[in-house]
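# Observations on chain architecture
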Amino acid sequence: CFVRSALTRVQVELESCLVGYAQVGLLCNQLGMHENSLEYLASGMSTAQTFYCSGGGGGGGNRNDLSLDEATSLSEAGALTVAGLLKTKAKTLTYRGMSSKGSGEQDTYEQDYAEAFRLYDRVKRLLERKGLERTTMYAEVAQDLSIWYGKMQQVENAISMGLVAKLAFEDIKRTQT
């Protein structure tokens with residue numbers, strides 16, 4: 001019982017730390033310091049992977065992401081925290097891609113946009129696997145994906161994802177009242 005309580009406390013502290021990484025990453029992104037943002041987010045993901053995956057959850061290695069299988073073993077709070085890190089990374093890559101496009105770096109722009117879309121899709125799938133479709137995070141990610149599909153001129157997917165986002169926001173509003 002004592003060990004479980006201590007582990008729960010450590011997990012709460014870790015999740016607070018990871019939220020901090022995401023917040024610092026977002027602040028750096030807003031200041032146009034995209035590389036610094038990506039460094040903070042990479043540190044956050046590395047910390048998450050070390051904690052969540054070293055104790056029998058698979059893991060180790062040098063990759064800087066949790067696999068979806070690893071991430072689905074997270075607690076609800078842990079999944080939302082990791083999703084927040086990934087979503088912030090996607091947002092940072094989007095802004096860095098826009099800066100690259102403005103300065104004529106087409107390859108960087110295309111790579112950043114492709115990676116950002118992949119991360120948004122990954123966050124959506126993680127939240128679905130955890131049964132978190134009724135969260136604000138899910139509704140926001142679905143909304144972001146709708147915009148991405150529109151940018152890629154995939155009209156049907158954009159409309160479909162827009163409806164998913166609309167229904168998610170309505171469901172959240174309904175459950176809060």
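Here's what I pulled together on the structure shown here. Only a predicted model underlies this, so the values are computations on that prediction, with no experimental measurement involved.

## Regarding the packing of aromatic side chains
- Evaluated as defined, the whole model comprises 5 aromatic pairs.
- Taken together, the aromatic side chains of Tyr 109, Tyr 113, Phe 117, Tyr 120, Trp 148 and Tyr 149 make up a single cluster linked through ring pairs.
- Here Lys 151 stacks its cationic end above the ring of Trp 148, 4.6 Å away from the centre of that ring.

## Here we look at the packing of helix 5 (residues 106-129) against helix 6 (residues 136-151)
- Two numbers describe how helix 5 lies on helix 6: the axes approach to 10 Å, and their chain directions differ by 145 degrees. Between helix 5 and helix 6 the crossing geometry is left-handed. In this structure, helix 5 contributes Tyr 113, Ala 116, Phe 117, Tyr 120, Asp 121, Val 123, Lys 124, Leu 127 and Glu 128 to the contact, and helix 6 contributes Met 137, Tyr 138, Val 141, Asp 144, Leu 145, Trp 148, Tyr 149 and Lys 151.
- Taken together, the residues of the contact of helix 5 with helix 6 sort by class into 12 nonpolar, no polar and 5 charged.

## Some points on helix 7 (residues 155-176)
- With 22 residues, helix 7 ought to run about 32 Å at 1.5 Å a step, and its terminal C-alpha atoms sit 31 Å apart, in line with that.
- Among all positions of helix 7, only Ala 158, Met 161, Ala 165, Ala 168, Asp 171 and Ile 172 are buried. The buried residues of helix 7 all sit within an arc of 160 degrees when viewed along its axis, so they share a single face. Facing away from the buried surface of helix 7 by more than 90 degrees, the exposed residues are Val 155, Glu 156, Ile 159, Leu 167, Lys 173 and Arg 174.
- Buried residues in helix 7 make contact with helix 5 and helix 6.

## Overview of the pattern of salt bridges
- Within this structure, the stated rule accounts for 9 salt bridges.
- In this structure, Glu 35 and Arg 96 form a salt bridge, with 2.7 Å as the shortest nitrogen-oxygen distance. Of this pair, Glu 35 sits in helix 2 (residues 34-54) while Arg 96 sits in helix 4 (residues 76-102), placing them 61 residues apart in sequence.
- Here Asp 171 makes a salt bridge to Arg 134, at a shortest N to O gap of 3.0 Å.

What counts, and where the lines are drawn
Residues numbered from 1 in each chain as written. Predicted model: local features only at pLDDT ≥ 70, side-chain atom pairs only at ≥ 80, totals over all residues. Heavy atoms only, no water. Phe/Tyr/Trp six-rings, centres within 6.5 Å; stacked < 30°, edge-to-face > 60°. Lys NZ or Arg CZ within 6 Å of the ring centre and 35° of its normal. Axes fitted to C-alpha atoms, helices over the stretch in contact; angles between N-to-C directions. Helix = DSSP H or I, 4+ residues; strand = E, 2+ residues; numbered from the N terminus. Left-handed = near helix turned anticlockwise from the far one by under 90°. Contact = heavy atoms within 4.5 Å. Nonpolar A, V, L, I, M, F, W, Y, C, P; charged D, E, K, R; others polar. Expected span 1.5 Å × (residues − 1). Buried < 20%, exposed > 50% of the residue type's maximum accessible area, 1.4 Å probe, protein only. Arc of directions from axis to C-beta. Salt bridge = Lys/Arg side-chain N within 4 Å of Asp/Glu carboxyl O.

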